[in-house]
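Per-entry structural report
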Amino acid sequence: MARGLILLMLAAAAFGAEVIDRVAVSLGHEVVTLGAIRRQLRLNAYMQGKPPEDTPEARRAAAERLIDQALVKREMSLSRYTPIPMAEVRQRFEEYREKLGLTPEKFAEELKRYGFTAEEFLQEMYWQATLLRFVQFRFSPSVQVGEDEIQEYYEKEYAPRLREMAPGQEPPPLAEVRERVTGILASRKENAVLEQWLQQSRQQARIRYHEEAFQ
């Protein structure tokens, strides 16, 4: 899975400064703090349903995601992008909680174990939704999926995978799953364009790692 997609699936908002913090990465006039990295680690742990892992390697990986987020956020500030309505995100928040089968009180208790309040987690969902929508706004117009690509993917990947998952059953014809196949290929191309853009943006950014924060 492309690093660009990973960063979008695990995006983290800045939930407020730690009492004592340290700059871990500098990007020109912007910074990624150790506190932000630790929040990212806690968020990742919550999403994966496991205890946080605060190791030098984990900190480095979290820092890389936060760098990418900072670059996308900088691009957002230069565009005429309309943010997603908070009401829409609140609805997603409630749907997520209900899907977990938790009352508001139980959900708050679960989040608290990872160091977040319900409002902080809502803000994280808002930031994640904003990132995802902006990437589609910024990069989707340049993505085109051809008929030959659809046919090739269906024959070489989609249909064979379904046969492996359900031996003895024939996959649905392409006409029935064309929209889904097209969406998969479009997402792949969007991720590739995003990854290329991130690499170029990183080369132009003045990124400096403060190694003491990764010890």
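You'll find the structure just up there.
What comes next is a walk through the structure.

What counts, and where the lines are drawn
- Residues numbered from 1 in each chain as written.
- Predicted model: local features only at pLDDT ≥ 70, side-chain atom pairs only at ≥ 80, totals over all residues.
- Heavy atoms only, no water.
- Helix = DSSP H or I, 4+ residues; strand = E, 2+ residues; numbered from the N terminus.
- Buried < 20%, exposed > 50% of the residue type's maximum accessible area, 1.4 Å probe, protein only.
- Contact = heavy atoms within 4.5 Å.
- Lys, Arg positive; Asp, Glu negative; His and termini not counted.
- Charge placed at Lys NZ, Arg CZ, Asp CG, Glu CD.
- Polar contact = N/O pair within 3.5 Å; in protein donor to acceptor, adjacent residues only side chain to side chain.
- Pairing = 2+ DSSP bridges.
- Axes fitted to C-alpha atoms, helices over the stretch in contact; angles between N-to-C directions.
- Phe/Tyr/Trp six-rings, centres within 6.5 Å; stacked < 30°, edge-to-face > 60°.
- Core = buried A, V, L, I, M, F, W, Y, C linked by side-chain atoms within 4.5 Å.

1. Focus: the overall build of the protein chain
- The secondary structure content of the protein chain amounts to eight helices and three strands.
- When the helices and strands of the protein chain are listed from N to C terminus, the series reads α-β-β-α-α-α-α-α-α-α-β.
- Counting only C-alpha atoms, the protein chain reaches 60 × 45 × 35 Å along its principal axes.
- Going through the 215 residues of the protein chain one by one, you find that 39% of them count as buried.
- By sequence separation, contacts in the protein chain at least 24 residues apart represent 76% of the contacts at least 6 residues apart.
- For the protein chain, the distance from the average site of its 31 positive side-chain charges to the average site of its 33 negative ones is 5 Å.

2. Some points on the environment of Tyr209
- Tracing the chain through its elements places Tyr209 in strand S3 (residues 207–209).
- Along the chain, Tyr209 and Ser26 lie 183 residues apart, while their C-alpha atoms are 6.6 Å from each other.
- In terms of polar contacts, Tyr209 uses its side chain to reach the side chain of Glu64, at 2.8 Å.

3. Digging into the sheet that holds S3
- Spatially, S2-S1-S3 is the arrangement adopted by the three strands of the open sheet, whose pairing is antiparallel. Looking along the sheet, the strands with just one partner apiece sit at the ends: strand S2 (30–33) and S3. Neighbour to neighbour, the strand axes of the sheet diverge by 20° on average, direction disregarded.
- On the sheet, helix H2 (residues 34–48) packs against strand S1 (23–27) and S2 and is oriented at approximately 55° with respect to S2.

4. Details of the packing of aromatic side chains
- Scanning all chains against the criterion turns up 14 aromatic pairs.
- Between Tyr46 and Tyr114, the aromatic rings sit 5.5 Å apart at their centres with planes inclined by 75°, giving edge-to-face as the arrangement. Remark: Tyr114 occurs in the loop between helix H5 (104–112) and helix H6 (118–139) and Tyr46 occurs in helix H2; sequence separation between them is 68 residues. Both residues of the pair, Tyr46 and Tyr114, count as buried.

5. Comments concerning the nonpolar core
- Val25 and Ile37 are the most contacted members of the largest nonpolar core, which totals 28 residues.
- Elements that contribute at least two residues to this core include exactly S1, H2, helix H3 (56–77), H6 and helix H8 (174–204).
- When residues in this core are grouped by element, the largest group, nine residues, is from H3.
- Phe107, Leu111, Tyr114 and Met125 belong to the second-largest nonpolar core, a separate cluster that totals 15 residues.

Note that every value here comes from positions in space, so none of it alone points to a role or purpose.
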